[in-house]
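Below, each chain spelled out in residue letters.
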There are 2 protein chains.
Amino acid sequence: MKTNGMPAAREKSSTPASESPDPPKRRAQRPRSGTYTVHDVAALAGVSSVTVSRYFNAPHKVSDVLRDRLAGIIAETGYVPNQVARILATAQGGVVGAVMQNVTSPTFADMVRGMMDVAEENALQLLLANSHFSLESETRALRTFAGWHPRAMILTRNDHAPDTEALLARLRIPIVEAWEVMTERPFHQVGFSQTEVGISQALHFIAQGAQRIRFALNGATEDGRAARRAEGYAGAMRDAGLKPDIWRANAKDDIAAARELLADIAALPLRRRPQAVIFGNDNMAIATMLSAPAHGLHVPDSLAVAGFGDMPLGLVTTPALTTVRPDPYAIGAQSMAIVVAALGDGEGKQSPQRREIPCELVVRDSSRISRA
Amino acid sequence: MKTNGMPAAREKSSTPASESPDPPKRRAQRPRSGTYTVHDVAALAGVSSVTVSRYFNAPHKVSDVLRDRLAGIIAETGYVPNQVARILATAQGGVVGAVMQNVTSPTFADMVRGMMDVAEENALQLLLANSHFSLESETRALRTFAGWHPRAMILTRNDHAPDTEALLARLRIPIVEAWEVMTERPFHQVGFSQTEVGISQALHFIAQGAQRIRFALNGATEDGRAARRAEGYAGAMRDAGLKPDIWRANAKDDIAAARELLADIAALPLRRRPQAVIFGNDNMAIATMLSAPAHGLHVPDSLAVAGFGDMPLGLVTTPALTTVRPDPYAIGAQSMAIVVAALGDGEGKQSPQRREIPCELVVRDSSRISRA
DNA sequence: TTGTAGGCGTTATCAG
DNA sequence: CTGATAACGCCTACAA
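Residues numbered from 1 in each chain as written. Chains lettered and ligands numbered in written order. Predicted model: local features only at pLDDT ≥ 70, side-chain atom pairs only at ≥ 80, totals over all residues. Heavy atoms only, no water.

**Let's talk about the overall build of chain A**
When its secondary structure is counted, chain A shows twelve helices and twelve strands. Relative to its 372 residues, chain A shows a buried fraction of 52%. Put simply, 69% of the contacts in chain A that link residues at least 6 apart link residues at least 24 apart. Accessible surface for chain A amounts to roughly 17400 Å². Of this, 53% is attributable to carbon and sulfur atoms. (Helix = DSSP H or I, 4+ residues; strand = E, 2+ residues; numbered from the N terminus. Buried < 20%, exposed > 50% of the residue type's maximum accessible area, 1.4 Å probe, protein only. Contact = heavy atoms within 4.5 Å. Areas by Shrake-Rupley, 256 points an atom, 1.4 Å probe, with all protein chains shown as cover.)

**What about the interface of chain A and chain B?**
Taken together, the 60 residues of chain A in the interface contact 59 residues of chain B. Roughly 5100 Å² is buried in total at the junction of chain A and chain B, and carbon and sulfur atoms are behind 66% of that figure. With a closest N to O distance of 2.4 Å, E120(B) and R140(A) form a salt bridge. Joining chain A to chain B, the criterion identifies eight residue pairs in polar contact (both at pLDDT 80 or more). Elements with a contribution of two residues or more to the side of chain A that touches chain B: α3 (64–77), α4 (83–90), α5 (106–121), β2 (124–130), α6 (135–147) and α11 (282–291) of chain A. Here the residues of the side of chain A that touches chain B sort into 30 nonpolar, 19 polar and eleven charged. (Buried area = accessible area lost by both parts, 1.4 Å probe. Salt bridge = Lys/Arg side-chain N within 4 Å of Asp/Glu carboxyl O. Polar contact = N/O pair within 3.5 Å; in protein donor to acceptor, adjacent residues only side chain to side chain. Nonpolar A, V, L, I, M, F, W, Y, C, P; charged D, E, K, R; others polar.)

**Remarks on the confidence of the model for chain A**
All names here are of chain A. Summing up the model confidence of chain A, the mean pLDDT is 87 and the portion of residues at 70 or higher is 90%. Scored below 50 in pLDDT, residues 1–5 shows seven contacts in the model against residues more than four places distant or in partner chains. Below pLDDT 50 for its whole length, residues 9–28 participates in five contacts with residues either more than four positions away or in separate chains. (pLDDT = per-residue confidence, 0-100.)

**Concerning the sheet that holds strand β7 (residues 246–248) of chain B**
Residue and element names in this part refer to chain B. An order of β7-β6-β8-β9 is seen for the four strands of this open sheet, with the pairing classed as parallel. In this open sheet, the two edge strands, each paired with only one partner strand, are β7 and β9 (304–306). Neighbour-to-neighbour, the strand axes of this sheet turn through a mean angle of 25°, independent of strand direction. As paired elements, strand β6 (residues 213–217) and strand β8 (residues 276–279) share four bridges and run parallel to each other. Note that in β8 the partner of A216 across the bridge is F279. Its contacts with the sheet place helix α8 (residues 194–206) against β6, β8 and β9, and it is angled at close to 165° to β8. (Pairing = 2+ DSSP bridges. Axes fitted to C-alpha atoms, helices over the stretch in contact; angles between N-to-C directions.)

**Considering the packing of helix α1 (residues 38–45) of chain B against helix α3 (residues 64–77) of chain B**
All names here are of chain B. As a packed pair, α1 and α3 sit with axes 10 Å apart at the nearest point and diverge in direction by 125°. The angle between α1 and α3 falls in the class oblique. The chirality of how α1 crosses α3 is right-handed. Contacts between α1 and α3 involve V41, L44 and A45 from the former and R69, L70, I73, I74 and T77 from the latter. (Parallel < 35°, antiparallel > 145°, perpendicular 65-115°, else oblique. Left-handed = near helix turned anticlockwise from the far one by under 90°.)

**Brief notes about the sheet that holds strand β8 (residues 276–279) of chain A**
Residues and elements named next belong to chain A. Pairing is parallel across the open sheet formed by four strands, whose spatial order is β7-β6-β8-β9. Every other strand in the sheet has two partners, leaving β7 (246–248) and β9 (304–306) as the edge strands with one partner each. The mean inter-strand angle of the sheet, taken between neighbouring strand axes irrespective of direction, is 25°. Examined bridge by bridge, strand β6 (residues 213–217) and β7 share three bridges and lie parallel to one another. Note on β7: the bridge partner recorded for L217 is R248. Across the sheet, helix α9 (residues 224–239) lies against β6, β7 and β8, angled at about 170° from β6, the strand it touches most.

**Re the relation of the copies chain A and chain B**
Mapping chain A onto chain B calls for a rotation angle of 179° and an axial translation of 0.3 Å; the resulting RMSD is 0.8 Å. Expressed as an axis order, the relation between the two copies is that of a two-fold axis. The residues that chain A uses at the interface reappear at the interface of chain B in 98% of cases, marking a shared surface. (Least-squares fit on C-alpha atoms with pLDDT ≥ 70 in both.)

**A short note on the packing of aromatic side chains**
Residue and element names in this part refer to chain A. Per the counting criterion, the structure on display carries 15 aromatic pairs over all chains. Between F192 and F308, the aromatic rings sit 6.4 Å apart at their centres with planes inclined by 45°, giving tilted as the arrangement. Of the two residues, F192 sits in strand β5 (residues 188–192) while F308 sits in the loop between β9 and β10 (323–325), which places them 116 residues apart along the sequence. Each member of the pair, F192 together with F308, is buried. (Phe/Tyr/Trp six-rings, centres within 6.5 Å; stacked < 30°, edge-to-face > 60°.)

**What about the side chain of H160(B)?**
All names here are of chain B. By secondary structure assignment, the location of H160 is in the loop between β3 (152–155) and α7 (162–171). At a separation of 2.8 Å, a polar atom in the side chain of H160 contacts the side chain of E138. At 3.3 Å, the side chain of H160 and the backbone oxygen of R157 are in polar contact. Beyond its immediate stretch of four places on either side in the chain, H160 contacts L135, E138, L155, E165, L168, E177 and R185.

**Here we look at the pattern of salt bridges**
All names here are of chain A. This model, assessed by the stated rule, comprises 32 salt bridges over all chains. Measuring nitrogen to oxygen at the nearest pair gives 3.0 Å for the salt bridge that ties R113 to D110. With R113 and D110 both in helix α5 and three residues apart, the pair spans about one turn of that helix. Here E180 ties to R228 by a salt bridge, and the two come within 2.3 Å at their closest N and O atoms. Taken together, the residues E180 in strand β4 (residues 175–180) and R228 in helix α9 connect sequence positions 48 residues apart. Judged by its relative accessible area of 4%, E180 falls in the buried class. Within this structure, D310, R325, E360 and R364 form a network of salt bridges that share partners.

**Concerning helix α2 (residues 49–57) of chain A**
Residue and element names in this part refer to chain A. Taken residue by residue, α2 has T51, V52 and Y55 as its buried positions. Angular distribution of buried residues about the axis of α2 spans 100°; they occupy a single face of the element. Of the surrounding elements, those touching the buried residues of α2 are α1 (38–45) and α3. If you check the start of α2, you find a side-chain oxygen 3.2 Å away from the backbone N of V50, and it comes from S48. (Arc of directions from axis to C-beta.)

**So, the pairing of β4(A)**
Residues and elements named next belong to chain A. Counting buried positions over the six residues of β4 gives six, a clear majority of the element. The sheet contact formed by strand β3 (residues 152–155) and β4 spans three bridges and is parallel. In the sheet register, L155 faces β4, and the bridge partner there is E177. Bridge count between β4 and β5: five bridges; the pairing is parallel. The partner of E177 across the bridge, within β5, is Q189.

**Considerations on helix α5 (residues 106–121) of chain B**
Residues and elements named next belong to chain B. With 16 residues, α5 should cover 22 Å at 1.5 Å per step; its first-to-last C-alpha distance of 23 Å lies within 8% of that length. Within the sequence span of α5, burial applies to F108, A109, D110, M111, V112, G114, M115, M116, D117, V118 and A119. Just past α5, the residue A123 takes up positive phi, approximately 55°. (Expected span 1.5 Å × (residues − 1).)

**Section: the environment of Q275(A)**
Residues and elements named next belong to chain A. Note that Q275 resides in the loop between α10 (254–266) and β8. Between the C-alpha atom of Q275 and that of A333, which follows or precedes it by 58 residues, the distance is 39 Å. The contacts of Q275, once residues within four sequence positions are left out, are A210, Q211, R212, S302, L303, A304 and I369.

**Section: the packing of helix α8 (residues 194–207) of chain A against α9(A)**
All names here are of chain A. Following both chains from N to C, one finds α8 and α9 inclined at 45°, their axes separated by 7 Å at the closest point. When the axis of α8 is compared with that of α9, the two are oblique. By crossing handedness, the relation of α8 to α9 is classed as right-handed. In this structure, α8 contributes Q194, T195, V197, G198, I199, Q201, A202 and I206 to the contact, and α9 contributes R225, R228, R229, G232, Y233, A236 and M237.

Below, the structure is given as structure tokens:
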């Protein structure tokens with residue numbers, strides 16, 4: 001029973017223990033990883049290293065006796081094949097890079113989970129970077145990833161810095177742009193159309209006969225997605241013969257932005273106050289609902305409200321919050337699934353796929369327009 | 001000007017273009033990564049590959065002329081050194097593995113951001129896994145990471161499966177256990193003491209003269225951290241001569257758990273109702289506050305409330321929520337900082353460090369005990 | 001079923 | 001300052 005934790009200094013297995021008769025110019029030892037290798041395990045089992053390799057990659061090609069013996073030794077030594085060497089040797093399996101905009105947001109986090117789950121099932125290692133909605137940061141992250149020679153990349157926006165586009169093209173690997181589905185892109189697309197979500201939000205209020213409908217954004221302009229929903233809303237308004245009213249707070253913070261909005265509305269003459277507000281996110285919508293009474297406003301009677309994101313707390317507010325439920329987990333999982341499929345397909349440059357992950361408009365009481 | 005994007009099929013640079021005079025048993029080509037390599041760049045520059053390597057790792061050892069020429073070729077080809085090969089050769093690439101319990105939670109997500117930021121500054125690549133609070137899943141993740149021969153690991157719990165402990169010991173790399181600081185652990189510790197947080201929450205109410213103080217948990221038992229706060233609370237209660245009242249919902253979901261709690265309290269005779277409830281998290285606390293009126297309860301007069309986590313929405317509720325503000329970003333950043341320090345210190349087995357990231361009790365109106 | 005040879009892309013080492 | 005050579009740990013191809 002070998003109890004020593006470290007692999008013994010390995011001899012070239014073919015070299016018998018001849019006592020250094022004219023040492024054949026042995027180079028100085030290179031730094032080794034300090035853990036067991038295939039060779040160590042093979043030596044312990046009295047077989048060749050290929051056999052150990054086969055034990056992992058094609059167990060059925062190893063005899064039963066040997067398999068058991070190897071299993072024992074592997075358990076005893078705690079040997080784990082070195083992925084780095086494996087990837088170098090096979091140019092297979094390996095690494096997928098993903099650039100998120102903001103790992104902190106629960107929505108992105110769900111997407112990360114989706115990617116991780118599918119990646120794990122397929123023995124891919126997910127490399128994650130955070131770009132904070134900055135193009136420059138995205139480029140930097142991609143540059144780092146490039147060094148890992150990833151099998152694929154997943155991005156979370158479809159507008160990049162010019163040199164990023166060039167870099168992506170040079171990589172010659174499957175690229176997935178997730179979250180927003182746009183036309184005329186050379187890469188795989190997974191997600192939904194922000195514009196259409198904005199349209200459906202607007203239509204929800206227009207159908208109820210509302211005239212003055214506002215779209216309220218916080219001051220964080222880096223994230224253009226809410227703004228694109230606002231564009232969809234604006235289009236729908238114009239189509240209905242109504243005047244779009246896109247309002248943006250100064251504060252980036254949702255809570256402060258909500259306060260700004262309420263102050264703004266309260267200052268308006270009754271006639272000109274919006275009957276309904278569509279918010280860029282649930283947080284801002286909920287904050288507005290909770291603070292509305294203090295400004296003499298009542299949801300939904302004097303102010304109907306809709307959010308985006310389907311936060312759990314939206315169920316508990318009075319009234320419950322009408323919102324849009326995206327499916328970030330599915331977006332992440334599908335993105336990775338596309339990667340897996342693309343890698344499986346012999347890397348054949350299949351034309352970019354487009355996978356829609358629809359959003360659901362969840363209608364609750366906060367958006368009821370009073371028939372006044 | 002070379003415009004072709006692909007590196008030409010490479011000849012053994014020493015082999016002149018002799019037209020295959022008895023091909024020396026050329027083995028079938030192995031799959032290659034399909035991108036430029038040091039050799040390609042070297043060939044293009046008319047130098048040896050070592051020189052190109054030096055250009056990256058010891059630029060001052062390369063003549064000025066050559067440096068400029070190489071810079072040009074590298075820019076033109078978009079060559080990026082292969083990290084995988086680099087790590088294999090040097091046995092000291094910068095991979096750090098981190099096992100989170102739940103990437104989806106905003107708190108963990110903040111910690112991830114902290115780790116990523118510090119990792120990036122120090123040219124370390126973060127490998128992330130999600131264990132869903134499961135020990136078995138943690139072990140699996142660590143096993144995967146082990147294959148990457150990471151320089152360090154960051155974990156987010158201090159109780160592991162037995163074989164995990166063995167695996168960790170065998171790795172002989174710095175290990176950081178983050179979130180909760182415990183004594184008697186052989187690894188670095190970063191975070192705070194859940195027990196002490198529980199104590200301070202209890203004392204906050206005890207000091208106000210409350211007698212019946214409950215600690216309410218949701219049904220998600222996998223995460224033991226809230227339970228450990230409850231233990232701290234229980235100790236403080238007993239020390240004050242009061243009877244601890246730890247209540248656990250059946251529902252794992254915070255919103256449902258809040259409903260359960262309110263039903264439970266409403267069913268109690270007035271005399272026996274808790275005056276104050278400490279919640280396992282803010283979500284549950286806020287849900288309770290929002291639903292309390294429907295159950296004939298009023299916060300804080302008939303029920304004082306405190307949460308944990310400092311969610312932004314806690315500021316907007318009426319009354320504003322008393323809570324505890326941890327600093328997950330700092331925990332992540334400090335954990336990675338310890339890793340960086342440990343790697344810098346020649347890997348010398350320094351004794352495990354212990355870094356406290358204090359939590360702040362944020363007192364607002366929801367926890368005011370009415371002087372009845 | 002098992003073993004031998006050689007290479008994946010990089011860098012450490014030694015020689016010029 | 002530059003180059004030849006041999007590893008790092010693994011896997012594929014081929015031979016036995």
